Amino acid sequence: MQINDLKLFVRVADCGSITAAATELDISPAAASAALKRLEKQLETSLFIRSTRSLRLTDAGERYLIHCRSALADLSLGVQAINDVKEKVSGVVSLAVPSDVGRNIILPWLDHFLDEYPELKIRLHIGDTLSDFYHDKIDVALRSGTPKDSSLVAFQVCQANRVLCASPDYIAKHGEVTSLEQLTEHNCLFFMLDDRTHDQWRFIKNGREFKVRVTGNRTCNDAEIARRWAVAGRGIVYKSSLDLADDISSGRLVPMLTDHTGEAADLYLVCPGREHVTPVILLLREMLRERCKQKLGK
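Values in this document were obtained by computation on a predicted structure and should not be read as measured data.

Visitor: Go over the sheet that holds strand β12 (residues 218-220), please, and point to the residues and values.
Guide: Reading across from one edge, β9-β8-β12 is the order of the three strands in this open sheet, with mixed pairing throughout. Edge positions in the sheet fall to β9 (196-197) and β12, since each of these pairs with one other strand and no more. Inspection of the sheet shows strand β8 (residues 189-193) paired to β12 by three bridges, in the parallel sense. When the sheet's bridge partners are listed, Phe190 is paired in β12 with Thr219. The strands touched by helix α7 (residues 223-231) within the sheet are β8 and β12, with β8 carrying the most contacts at an inclination of about 175 degrees.

As structure tokens, then:
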């Protein structure tokens, strides 16, 4: 049901006239009459007894009016609650984000977020080393993969998988990877997570998991550099589809082995404890979820 139809029904009941209610709501009497008929059709009952001189509620209309007023009042309170939260969105939030997704994807999203909540200030920490919430004074962090620490509060904001990619130039010179065995013949680009080089790549096909130990001549502790090397044609990269979304859509990188599913690279918004989940964090979570869906086309 349309909320405007419910509002019209209440005004017609109060005014005792479709024309008077239509005038108040700045719509035509014909549109008001059509809206009432639409509402009655949805309810499968008549709400008004109409005659050439009068308009009055039926018994069903009287009963429905009580609940309709209550529902509209609740909706009004809900809107007010949202506005109250917006008014309370202020202060400073320290946010830690991974290097690649932080620099190339999150930054413009945060610009819009701060425009929407001008009283809010964000202190941004960018890097692939896991920040310590207390030592680094971090309020909330965006992390790839399910957090291992069960004491943390984690909200999933994005479902993604790693994608094997190379630039058109690299493929033209060295050929496209069409099997897992061929990976060992190519220059693979590494990044380090928690001081561990990510050189064992996992894939799933037909329910089976495959692991490939790959080699290459470039390693960096900043995952964005691995992506840049790949775009420059220096080798093959294996990163989150969210990180590579713009490069893939623009043609700078070409996905390979698409009949295999890459490792899960879900993104989580993580807080050190339940008491740290503020209205600001919840708003940030919803913004990130919606933006990630748009970016990945899900």
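After that view, the rundown keeps rolling.
Visitor: Mind laying out the side chain of Arg162, listing which residues take part and the relevant values?
Guide: Within the secondary structure layout, Arg162 lies in strand β7 (residues 162-166). Comment: no salt bridge for buried Arg162; closest opposite-charge side chain is Glu263, at 4.0 Å. What Arg162 contacts, discounting residues up to four positions off in sequence, is Phe191, Leu193, His198, Tyr238, Lys239, Ser240, Gly262, Glu263 and Ala265.

Visitor: Outline the sheet that holds strand β6 (residues 153-158), listing residues and values.
Guide: In spatial order, the strands read β4-β3-β5-β16-β6; together these five strands make up an open sheet with mixed pairing. The open sheet has two edge strands, β4 (120-126) and β6, and neither has a second partner. Adjacent strand axes in the sheet meet at a mean angle of 25 degrees when their direction is disregarded. The pairing of strand β3 (residues 91-97) with strand β5 (residues 140-144) spans two bridges and is parallel. Residue pairing across strands places Ala96 opposite Ala141, the latter belonging to β5. Across the face of the sheet, helix α5 (residues 99-116) comes into contact with β3, β4 and β5 while running at roughly 175 degrees to β4.

Visitor: Would you mind going over the nonpolar core in detail, with residue names and values included?
Guide: Counting 29 residues, the largest nonpolar core has Val140, Leu142, Leu269, Leu284 and Leu288 as its most contacted members. Only β3, α5, β5, β6, β16 (267-271) and α9 (279-296) provide two or more residues apiece to this core. Excluding residues that lie within four positions of it along the chain, Leu269 makes contacts with Leu95, Val140, Ala141, Leu142, Val153, Ala154, Phe155, Val157, Ile281, Leu284, Arg285 and Leu288. Grouped together as the second largest cluster of nonpolar side chains are 20 residues, Val12, Ile18, Leu47 and Cys68 included.

Visitor: With reference to specific residues and values, describe the pattern of salt bridges.
Guide: Counting across every chain of the model gives 19 salt bridges. Taking the shortest distance from any N to any O, the salt bridge between Glu40 and Arg50 comes out at 3.4 Å. Remark: Arg50 occurs in strand β1 (residues 48-50) and Glu40 occurs in helix α3 (residues 29-43); sequence separation between them is ten residues. Residue Glu40 is classed as buried on the basis of its relative accessible area of 11%. Classification of Arg50 as partly exposed rests on a relative accessible area of 38%. Between Lys205 and Asp259 there is a salt bridge; the shortest N-O distance is 3.0 Å. With Lys205 in strand β10 (residues 200-205) and Asp259 in the loop between β14 (254-256) and β15 (261-262), this pair connects stretches of sequence that are 54 residues apart. On the basis of relative accessible area, Lys205 is assigned to the partly exposed category, the value being 28%.

Visitor: Tell me about the packing of aromatic side chains, residues and numbers included.
Guide: Any aromatic ring pair is given by two values, namely how distant the centres are and how the planes are angled relative to each other. Evaluation of the coordinates by the stated rule reveals six aromatic pairs. Here the aromatic rings of Trp201 and Tyr238 are separated by 5.1 Å at their centres, their planes lie at 35 degrees, and the arrangement is tilted. Note that Trp201 is positioned in strand β10 and Tyr238 in strand β13 (residues 237-240), a separation of 37 residues in sequence. Tyr238 matches Trp201 in its accessibility class, with the two residues each being buried. One aromatic cluster is present, built from ring pairs that chain together Phe190, Trp201, Phe203 and Tyr238. The ring of Phe191 is capped by Lys239, whose NZ or CZ atom sits 5.7 Å from the centre of that ring.

Rules used throughout
- The numbering scheme is per chain: residues are counted from 1 as the chain's sequence reads.
- In view of the model being predicted, local features appear only for residues whose pLDDT reaches at least 70, and side-chain atom pairs are presented and counted only at 80 or more, with totals across whole chains, interfaces and linings using the full set of residues.
- With hydrogens and water excluded, all non-hydrogen atoms of the structure serve as input to the side-chain values.
- We treat two strands as partners when DSSP finds at least two bridges between them.
- Each helix is a run of H or I in the DSSP string that is no shorter than four residues. Each strand is a run of E no shorter than two, and both are numbered from the N terminus.
- The criterion used for residue contact is that any of the two residues' heavy atoms lie within 4.5 Å.
- Axis definition: a line fitted to C-alpha atoms, limited for helices to the stretch in contact. Angles are taken between N-to-C directions and run from 0 to 180 degrees.
- For each residue, the accessible area found with a 1.4 Å probe, counting protein chains only, is set against the maximum for its type, and the residue is called buried under 20%, exposed over 50%, and partly exposed in between.
- Charge assignment: positive for Lys and Arg, negative for Asp and Glu; neither His nor the chain ends contribute.
- Any carboxyl oxygen of Asp or Glu within 4 Å of a side-chain nitrogen of Lys or Arg constitutes a salt bridge here.
- Definition of nonpolar core: a set of buried residues of the types Ala, Val, Leu, Ile, Met, Phe, Trp, Tyr and Cys, connected through side-chain atoms within 4.5 Å.
- Each pair of aromatic rings taken from Phe, Tyr and Trp, with Trp reduced to its six-membered ring, is defined by centres within 6.5 Å and is described as stacked if the planes are under 30 degrees apart, edge-to-face if over 60, and tilted in the remaining cases.
- For a lysine, the NZ atom is tested; for an arginine, the CZ atom; a charge sits over a ring if that atom is within 6 Å of the ring centre and within 35 degrees of the ring normal.

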